[in-house]
Amino acid sequence: MRLVDVTRVIRSKNAGPLQVTLDLMFPDRAGFDRAVKANSLTRDAIADLYGVAAETVTVIPYAAAFAIKIVLDRPIIAGTPGDSDVYGAQQHRPLLEIEI
Amino acid sequence: MSAVARLRDSKASINELRALAGSGQLGYGIPETAFKAGLQRKPHFIGCDMGSVDPGPYYLGAGELATSDTVTIRDLRLVLNGAVRSGIPLLIGTAGTAGAKPHLDYTLELMRRVAREEGLSFKLAVVPADVPRDLLKAAIRAGRTRPLGPIEELNEDTVDRASHIVGQMGVDAFLRALDTNPDVIITGRACDTSVFAAIPLMLGFPIASVIHMSKIIECTSICCVPGGRDAMLATLEGDSFVLESMNPQRAATPLSVAAHSLYEQSDPMLVIEPEGVLSVESARFEAVDERRTRVSGAVWQDTTQKTIKLEGAERCGERAVLCAGSCDPRVIANVDAIIDGVRANVADIIPSTPAAPYELIFHVYGRGAVSLFPRKGSSADAEEIFFLVEAIAQTTDVAKAAAGVTKQFLLHHGFPGRLSTGGNIAFPFTPPELSGGSAYRFSIYHLLEIDDDSALFPVHTEIVK
């Protein structure tokens, strides 16, 4: 099953200028439970998907909102010359392709 | 008697405290209908946040506001009239986008102008947030600063180079401002929660529900479905609070409010403040009706070491920008080699030297320019690509020179199989090189350990009339 087919929201945004966070929000507990168990949403799988070291990735399920938060270190501090996404709002794209 | 003094005096009779969150970004346009609906509910105070680190280092570095004079004045007029004419306190945090001295001074100038035009008079408490450089250097030497993520350790040179350095004040600074019994408080850089937490804490409401409420309403109606920017009313009942948007089209539901904990936070379970940490893991969200939600159950833990978040920005240089596109499949297929060749040409003509260094940055849209992370399994070539080339140099002249030479060599660069000898790129307008002004970067994003914040965030008062 594709992740996009069971999510209500897939978004990204800075959490401060040093980190970018990816939020997956599910409409119900079933989708959330399935995603929490998925091999494609582990810390190592996300690190591989984004081409970064696993130590720089945090995956936090948040059951109260049927949501999963993923936090990545930004490769460049927001707004430094060479940055390409000052708000970090377009870094969710790789998640649109994955299966759970 | 001032608005704050009146509120303090009536403390015993306040069982439920109504906080009106007027704006999460004052200066971008406060929806007036919802704000006025909020005033009808007789709030005990109005809070507005005016800043954010989101728009990037430019505003802090340059000392400029991200918002226009026209809309900033309009919003100030709305909230000052609303608060002062109702005799209730108004608190505004992070004046002028970034909350350093020029931002605060300019916002104060606009505020005094609005007061004059509207015939409003009030006692104002002002709390600047600029961090004295000698104090910060002493803290570095004492090992009392640390990075707040992947950024270098703070050193004294970085402190000297920064254009502006601010600290994010917490509720302690607001409580000291409230002690002066003002009608209005305006501050430099501040935690958005403190704007809304200070008065409830002054009146003795429990800190866990106060901080949780503040964290949610500082973004006004973003915690609703559909989310929006309309004023939000929170009614503090003690260990619980009820949320209601002042726009009847927006509903604060248990799920929408819980989900707001995710917004721009690196950990949805924790809210870290200078004075302690709020855990919302055990929070309960219950529907009061289809538009209101009651929240309770968060847990507050005082810290053993108070910390202040520091933000600083330094100038990198002057920026010139080149804009051009291509739809030639051969240019698109060879773009990496073309860029390498052009870089070499430009370096021959304008060498980057220690005396006149510059940096040339290629963003090639249609070739993964938006992604911060390496792209996997890149797909077929795009139909069109866009070159956005930044040149950053110490002077505008060198930046424009580098962008101009890049333009000419990109236009005419030869490569194997080239057909497009009239030019490799199309310019959307002339001149295709634009001056981007000064470029800044965040050089400081660190924590500072403090014992007492009164030296960092002094309170001044004035009578505005």
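As the structure is a computational prediction, the values presented were derived from the model and not from experiment.

What counts and how
- Residues numbered from 1 in each chain as written.
- Chains lettered and ligands numbered in written order.
- Predicted model: local features only at pLDDT ≥ 70, side-chain atom pairs only at ≥ 80, totals over all residues.
- Heavy atoms only, no water.
- Helix = DSSP H or I, 4+ residues; strand = E, 2+ residues; numbered from the N terminus.
- Buried < 20%, exposed > 50% of the residue type's maximum accessible area, 1.4 Å probe, protein only.
- Contact = heavy atoms within 4.5 Å.
- Areas by Shrake-Rupley, 256 points an atom, 1.4 Å probe, with all protein chains shown as cover.
- Lys, Arg positive; Asp, Glu negative; His and termini not counted.
- Charge placed at Lys NZ, Arg CZ, Asp CG, Glu CD.
- Phe/Tyr/Trp six-rings, centres within 6.5 Å; stacked < 30°, edge-to-face > 60°.
- Polar contact = N/O pair within 3.5 Å; in protein donor to acceptor, adjacent residues only side chain to side chain.
- Core = buried A, V, L, I, M, F, W, Y, C linked by side-chain atoms within 4.5 Å.
- Pairing = 2+ DSSP bridges.
- Right-handed = clockwise from strand over helix to strand, strands pointing away.
- Axes fitted to C-alpha atoms, helices over the stretch in contact; angles between N-to-C directions.
- Buried area = accessible area lost by both parts, 1.4 Å probe.
- Salt bridge = Lys/Arg side-chain N within 4 Å of Asp/Glu carboxyl O.
- Nonpolar A, V, L, I, M, F, W, Y, C, P; charged D, E, K, R; others polar.

S.K.: Even after reading the chapter, I still don't get the overall build of chain A, so can you show me in this structure?
M.R.: Summing up its helical and strand segments, chain A has 2 helices and 4 strands in all. In sequence order, chain A lays out its α and β elements as β-β-α-α-β-β. Taking the principal axes of its C-alpha atoms as reference, chain A extends roughly 45 × 20 × 20 Å. The buried share of chain A, reckoned over its 100 residues, is 56%. In chain A, once contacts between residues fewer than 6 apart in sequence are set aside, the share between residues at least 24 apart is 58%. With an accessible surface of roughly 4100 Å², chain A has 51% of that area assigned to carbon and sulfur atoms. In chain A, 11 side chains carry a positive charge and 12 a negative one; their mean positions are 6 Å apart.

S.K.: Where do I start with the packing of aromatic side chains in this structure?
M.R.: Geometrically, a pair of aromatic rings is defined through the distance of the ring centres and the angle of the planes. By the definition in use, this model includes 6 aromatic pairs over all chains. Between A:Tyr50 and B:Phe373, the ring centres sit 5.1 Å apart and the planes meet at 85 degrees, which makes this aromatic pair edge-to-face. With one member in each of two chains, A:Tyr50 in helix H2 (residues 43-50) and B:Phe373 in the loop between strand E16 (358-365) and strand E17 (385-393) form a pair that bridges those chains. There is no split in this pair, since A:Tyr50 and B:Phe373 are both buried. Consider the rings of B:Tyr58 and B:Tyr440, whose centres lie 5.8 Å apart with planes at 75 degrees: the pair is edge-to-face. Placement of B:Tyr58 in helix H3 (residues 57-62) and of B:Tyr440 in strand E18 (residues 433-450) is noted, with a sequence separation of 382 residues between them. Here B:Tyr440 falls in the buried class, since its relative accessible area comes to 11%. Ring pairs connect the aromatic residues A:Phe26, A:Phe32 and A:Phe66, which therefore count as one cluster.

S.K.: Got a minute to help me understand the environment of A:Asp73 in this structure?
M.R.: Tracing the backbone through its elements, the reader meets A:Asp73 in strand E4 (residues 67-73). In this structure, the C-alpha to C-alpha distance between A:Asp73 and A:Lys13, residues 60 residues apart in sequence, is 12 Å. Sequence-distant contacts of A:Asp73, defined by excluding residues within four places in its chain, comprise A:Leu18, A:Gln19, A:Thr56, B:Pro150 and B:Phe373.

S.K.: Quick question: what am I supposed to make of the side chain of A:Ser40 here?
M.R.: Residues and elements named next belong to chain A. Residue placement: Ser-40 occurs in the loop between helix H1 (29-37) and H2. A distance of 2.6 Å separates a polar side-chain atom of Ser-40 from the backbone oxygen of Glu-99. Those residues in contact with Ser-40 that lie beyond four places of it in its chain are Ala-45, Ile-46, Ile-98, Glu-99 and Ile-100.

S.K.: It is not clear to me how the nonpolar core should be interpreted in this structure. Could you clarify?
M.R.: Most often, soluble globular proteins keep nonpolar side chains buried together rather than apart. Residue and element names in this part refer to chain B. Grouped together as the largest cluster of nonpolar side chains are 75 residues, with contacts concentrated most on Ile-217 and Leu-243. The element best represented in this core is helix H9 (residues 192-202), accounting for 7 residues. Once you skip the residues sitting within four places of it in the chain, Ile-217 turns out to touch Ala-19, Ala-21, Phe-196, Met-232, Ala-234 and Leu-243.

S.K.: Sorry if this is basic, but what is going on with the pairing of strand E1 (residues 17-23) of chain B here?
M.R.: Note on strand geometry: in a regular strand, side chains alternate between the two faces of the sheet. Residue and element names in this part refer to chain B. Counting buried positions along E1 yields 6 of 7 residues, so the element is predominantly enclosed. Strand direction decides the pairing type here: E1 and strand E8 (residues 232-236), joined by 5 bridges, are antiparallel. Bridge pairing in E8 places Ala-19 opposite Ala-234. With 4 bridges connecting them, E1 and strand E2 (residues 45-51) associate as parallel partners. Within E2, the position partnered with Ala-19 by the bridge is Phe-45. This β-α-β element, E1 to helix H2 (residues 32-40) to E2, shows right-handed connectivity.

S.K.: Please clarify how the sheet that holds E8(B) should be interpreted in this entry.
M.R.: Whenever strands of a sheet pair, they do so through backbone hydrogen bonds, lying parallel or antiparallel. Residues and elements named next belong to chain B. Taken in spatial order, the 10 strands line up as E12-E13-E9-E8-E1-E2-E3-E7-E4-E19 in an open sheet, and their pairing is mixed. A strand with exactly one partner marks an edge of an open sheet, and here the two such strands are strand E12 (284-287) and strand E19 (460-464). For this sheet the average axis-to-axis angle between neighbouring strands, irrespective of direction, equals 25 degrees. Pairing of strand E3 (residues 90-97) with strand E7 (residues 184-187), which is carried by 3 bridges, proceeds in the parallel orientation. Bridging across to E7, Leu-90 finds its partner in Val-184. Across the sheet, H2 touches E1 and E2, and the angle it forms with E1 is around 165 degrees. Along the sheet, helix H8 (residues 171-179) makes contact with E3, strand E4 (122-127) and E7, crossing E7 at roughly 145 degrees.

S.K.: Can you walk me through the interface of chain B and chain A in this structure?
M.R.: One frequently used descriptor of interface size is the decrease in accessible area upon assembly of the parts. On the chain A side, the residues contacting the 41 residues of chain B number 45 residues. Of the roughly 3500 Å² buried between chain B and chain A, counting both surfaces, carbon and sulfur atoms make up 68%. Summed over the three residues of chain B that lose the most area to chain A, namely B:Leu262, B:Leu372 and B:Phe373, the buried surface amounts to 23% of that side. Summed over the shared surface of chain B and chain A, the result is 1 salt bridge. The tally of links from chain B across to chain A stands at 8 residue pairs in polar contact (both at pLDDT 80 or more). Only helix H11 (254-260), strand E15 (306-326), E16, E17 and E18 of chain B provide two or more residues apiece to the side of chain B that touches chain A. Residue contributions to the side of chain B that touches chain A peak at 5 residues, all from E18(B). Among the residues making up the side of chain B that touches chain A, the classes are represented as 27 nonpolar, 7 polar and 7 charged.

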